[in-house]
Amino acid sequence: MREQAAKNKAAWQHRAYEFWYKQGSPAEKATYLKNDPVARLRYHQKYFQDVKGLKIANPCGSNGRIAVPLALLGADVTIFDISEENKRYALELAESAKVDIQYIVGDFCDIDLNMYSNTFDIVYSEGGILHYFSDIDIFTSKLYEITKTNGELILSDFHPFRKIDLIGNVPQTCGDYFDSNIHNGDVAYKGFFPSEEQNSFPDCCLRFYTLSEIINSVIKSKFVIKEFNEHPNWNNKKLPGEFTIFATK
């Protein structure tokens, strides 16, 4: 396992299940998801109009918040994630929702291509995960490898504009959009715990990409980009907050 991945694994194994549970027990969250699984796909609903029987990969799928709605819609979903704590919550969530999902724990860049090459109809990666990879080209090449011929990629992430926006949610880059260093940073949920407990949390290892680095990496991996969309920031609708790339193999 790569050094960055090992560091991020340690961070995401620290009290992640506890955090997810505080946001809602698996039973409570399952009831919420079952009420309207399509709505949980947010900006990406149009890509999942008819997924019954399709194989969908969800790299860095975390606590199952996307995999379970897709399974409720009839898809065969596999999560690839680095955290056993995330897996525990996701499998309990799936059980509560009465669906089956597969969950593979490990560094996605070390995925077993003998098993998963050319396997998935759709690869859906979302939710702010690119900064956990020190080499984005390796990541996108693995996405390509596991996608079936004529399969689809939906890659959605935080907009790189956050490296310089006034909200300052990437303080490590000091407002430098072209910063390419690897930084230490907090695991995403650290701030939800009492301040006196936060010193015990391990750091993540993060690399923040520009928009051109992301798009060019998808192109270099041989995906054909069909659509690129930007979405508003949660806190300021006048600024970009997320983006989505839709591509085919």
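Bear in mind the structure is a predicted one, so any value in this text is a computation, not a measurement. (Residues numbered from 1 in each chain as written. Predicted model: local features only at pLDDT ≥ 70, side-chain atom pairs only at ≥ 80, totals over all residues. Heavy atoms only, no water.)

Draft legend 1. Seen up close, the packing of aromatic side chains. This structure, assessed with the given rule, holds 21 aromatic pairs. Measuring from centroid to centroid gives 5.2 Å for Trp12 and Tyr189, while their planes differ by 70 degrees, and the two rings are edge-to-face. Of this pair, Trp12 sits in helix α1 (residues 3-12) while Tyr189 sits in the loop between β6 (182-185) and β7 (204-207), placing them 177 residues apart in sequence. Residue classification places Trp12 among the buried positions, given a relative accessible area of 11%. (Phe/Tyr/Trp six-rings, centres within 6.5 Å; stacked < 30°, edge-to-face > 60°. Helix = DSSP H or I, 4+ residues; strand = E, 2+ residues; numbered from the N terminus. Buried < 20%, exposed > 50% of the residue type's maximum accessible area, 1.4 Å probe, protein only.)

Draft legend 2. Region of the structure containing the sheet that holds strand β5 (residues 147-158). One open sheet holds the seven strands; their spatial order is β3-β2-β1-β4-β5-β9-β8, and the pairing between them is mixed. The two strands at the open ends of the sheet, each matched to only one other strand, are β3 (102-105) and β8 (224-232). Here the strands of the sheet are splayed against their neighbours by 15 degrees on average, with no regard to which way each runs. Pairing between strand β4 (residues 120-125) and β5: five bridges, direction parallel. Bridging from a neighbouring strand, Ile122 pairs with Glu152 of β5. (Pairing = 2+ DSSP bridges. Axes fitted to C-alpha atoms, helices over the stretch in contact; angles between N-to-C directions.)

Draft legend 3. Inspection of helix α8 (residues 211-220) at higher detail. Considered for burial, the residues of α8 that qualify are Leu211, Ile214, Ser217 and Val218. Down the axis of α8, the sector holding all buried residues measures 140 degrees, keeping them to one side. Residues of α8 that are buried make contact with α7 (136-146), β5, β8 and β9 (240-248). Where α8 terminates, the next one or two residues include Lys222, which has phi positive at roughly 90 degrees. (Arc of directions from axis to C-beta. Contact = heavy atoms within 4.5 Å.)

Draft legend 4. Fine view of the pattern of salt bridges. Across all of its chains, the model carries 12 salt bridges by this definition. One salt bridge connects Arg42 with Glu242, and the closest N-O pair in it is separated by 2.8 Å. One end of the pair, Arg42, is in the loop between α3 (26-35) and β1 (55-59); the other, Glu242, is in strand β9, and 200 residues separate them in sequence. Judged by its relative accessible area of 8%, Glu242 is buried. As a salt-bridge pair, Lys46 and Glu227 come within 2.7 Å of each other at their nearest N and O atoms. Residue Lys46 is found in the loop between α3 and β1, and its partner Glu227 is found in strand β8; the two are separated by 181 residues along the sequence. On the accessibility criterion, Lys46 (47% relative accessible area) is partly exposed. Residue classification places Glu227 among the partly exposed positions, given a relative accessible area of 25%. (Salt bridge = Lys/Arg side-chain N within 4 Å of Asp/Glu carboxyl O.)

Draft legend 5. Seen up close, the nonpolar core. Trp12, Phe48, Leu70 and Tyr124 are the most contacted members of the largest nonpolar core, which has 72 residues in total. Excluding its chain neighbours within four sequence positions, the residues that come into contact with Leu70 are Leu41, Phe48, Val51, Ile56, Ala75, Val77 and Tyr124. (Core = buried A, V, L, I, M, F, W, Y, C linked by side-chain atoms within 4.5 Å.)

Draft legend 6. Structural context of the pairing of β9. Across the nine residues of β9, eight count as buried, placing the element largely inside the fold. With seven bridges joining them, β5 and β9 adopt antiparallel strand pairing. When the sheet's bridge partners are listed, Leu153 is paired in β9 with Ala247. One ladder, built from eight bridges, connects β8 with β9; its direction is antiparallel. If you follow Val224 over to β9, its bridge partner there is Thr248.

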